[in-house]
Amino acid sequence: GHVFTYDPGFTSTASCDSTITYIDGDEGVLLHRGYPIGQLASKSHYLEVCYLLLYGELPTAAELEKFELTITRHTMIHEQMHNFFRGFRRDAHPMATMVGVVGAMSAFYHDSTDISDSQQREIASHRLIAKMPTIAAMAYKYSIGQPFVYPRNDLDYAANFLHMCFSVPAEEYHVNPILSRAMDRIFTLHADHEQNASTSTVRLASSSGANPFACIAAGIACLWGPAHGGANQACLEMLREIGTPDRIPEYIARAKDKNDPFRLMGFGHRVYKNMDPRATVMKQSADEVLELLGVEDNPLLQVAKELEQIALHDEYFVSKKLFPNVDFYSGIILEAMGFPTSMFTPIFALSRTVGWVSQWKEMIADPQNKIGRPRQLYLGETARDYVDVENR
Ligand code: CMC
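Residues numbered from 1 in each chain as written. Predicted model: local features only at pLDDT ≥ 70, side-chain atom pairs only at ≥ 80, totals over all residues.

**Quick word on the overall build of the protein chain**
Keep this limit in mind: Here a helix means four or more residues in a row that DSSP labels H or I, a strand means two or more in a row labelled E, and each is numbered from the N terminus. We compute the radius of gyration over the C-alpha atoms and compare it with the globule rule, which gives 2.2 Å times the number of residues raised to the power 0.38. Three exposure classes are used, all based on how many other C-beta atoms lie within 10 Å of a residue's own C-beta (placed from the backbone): buried at 20 or more, exposed at 12 or fewer, and partly exposed between those limits. Any pair of residues counts as being in contact when their C-beta atoms, constructed from backbone geometry, are within 7 Å of one another.
Assigned secondary structure in the protein chain consists of 17 helices and three strands. Over its C-alpha atoms the protein chain spans a radius of gyration of 22 Å, differing by no more than 12% from the 21 Å that the globule rule assigns to 392 residues. Once the C-alpha set of the protein chain is aligned to its principal axes, its extents read approximately 70 × 55 × 50 Å. Put simply, the protein chain has 392 residues, and 42% of those count as buried. Within the protein chain, residue pairs in contact and separated by at least 24 positions form 76% of the contacts whose partners lie at least 6 positions apart.

Here it is in structure tokens:
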């Protein structure tokens, strides 16, 4: 009784309805619960945006204070989970470690895995948002052979993350407020982006009734790919490979060559056929951070700026509507802050956790919710008879 449509890559199929995030890709508009991303990035801050995404409205001062207190009090992870990190090779990519550790949360937090209980769902969502920076920072510390650094409750969300990444027992990292603001802005700009690949993965995984930690681990795994969250690492590696502005034309030519699989990382988007509004804010933020750190003459930045200008005026990129996306500038900021490229995607993952969690909560609370079960276009053999092995 069903009419099937064939839409590989879901280029024109809605998989759900949602009231969280709106994108108009032609106009370059991104709204969370109706509020433009530019306003949220300049006037609000990450935890307030988390509240907005989760509950639909901006919090009152009292609601915000309570929410921040709740998140702060959940930042430590079960001590036994430290052993889990130690089971990985030191040279494991932090994303690999995060997929494992976040999935393992379902083995530690039994009182928040029953998805039929709204209170447990609430606790699971708070735990995920609170513990993700701790987990990302621990994955980093482990990879560089330094001891884990416990969270500090007197610091805000972004400053605490910088502390856990850069402090060592011998010396506390001094968190510059301009840098923690830039960090917070990176979190805010990545907080949610409607039904992208990783969010759709979280929804599909949870449509079977799987526990939230398992579903978020699935989202992290999907985000890792270079066409999605892995683009920020790939972009910086590309800028480094280009090295000097005089080599840009060679890479532009490669990106245009249909026989070369190379793509300009940080350019293009499935939905945005205009400037990514997140990229506009990220670019300003990059300028601020580099000025503060006195590294405006950073060669990577010069390559990035020239590449952007050349691509924005090149017939190929113009006609295909390929604009810089959010990941084009985030890497430059993170590099200037002292993060290795392998931490770029974990930072995206911790930022996006609230989006995954909000979409998951919305889906579970929907009485129409049913298991996601796409159909296919079968192109294989028609029915045929089995042939005994000696007759093949
Ligand atoms: N460099 C060169 N050519 C490109 C690029 C690029 N970055 N992106 C798209 N194209 C071309 C592509 O070859 C195709 O050409 P044609 O129509 O002649 O075959 C056309 O533009 C359309 O591309 P598509 O692959 O059909 O578009 P898509 O919507 O499937 O892919 C994308 C979107 C983001 C995967 C792609 O633009 C890409 O691979 N970009 C580089 C990776 C990247 O920066 N990803 C981060 C996305 S933003 C953060 C996030 O959401 O995770």
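**As for the pairing of strand 2 (residues 29–32)**
Our working rule: Two strands are counted as paired when DSSP detects at least two bridges linking them.
A one-sided burial pattern is seen for strand 2, the buried positions being Leu30 and His32 and the unburied ones Val29 and Leu31. Of the pairings in the sheet, the one linking strand 1 (residues 21–24) to strand 2 comprises four bridges and is antiparallel in character. Bridged to threonine 21 within strand 2 is histidine 32. Hairpin connection from strand 1 to strand 2: four residues lie between these consecutive antiparallel strands, with glycine 28 at a positive phi of about 70 degrees. Strand direction decides the pairing type here: strand 2 and strand 3 (residues 35–36), joined by two bridges, are antiparallel.

**Digging into the environment of aspartate 327**
Tracing the sequence through the fold places aspartate 327 in helix 16 (residues 326–337). Overall, aspartate 327 belongs to the buried group, with 28 C-beta atoms counted inside 10 Å. Between the C-alpha atoms of aspartate 327 and phenylalanine 344, which are 17 residues apart in sequence, the distance is 9.4 Å. Those residues in contact with aspartate 327, other than ones at most four positions away along the chain, are Ala231, Asn232, Cys235 and Gly266.

**Let's talk about the domain arrangement of the protein chain**
Formally: Each domain's limits were defined by an automated method or a database of domain assignments. Amino acids outside the nonpolar list (Ala, Val, Leu, Ile, Met, Phe, Trp, Tyr, Cys, Pro) and the charged list (Asp, Glu, Lys, Arg) are all regarded as polar, and Gly is one of them.
Taken domain by domain, the protein chain holds domain 1 (17–225 + 345–364) and domain 2 (231–337). Here the C-alpha centroids of domain 1 and domain 2 sit 26 Å apart. Between domain 1 and domain 2, the residue contacts involve 20 residues of the former and 21 residues of the latter. Sorting the residues of the side of domain 1 that touches domain 2 by element identifies strand 2, helix 1 (37–43), helix 8 (177–189) and helix 17 (344–365) as the ones contributing at least two each. Of all the elements, helix 8 adds the most residues to the side of domain 1 that touches domain 2, at six residues. Tallied by class, the residues present in the side of domain 1 that touches domain 2 amount to twelve nonpolar, five polar and three charged.

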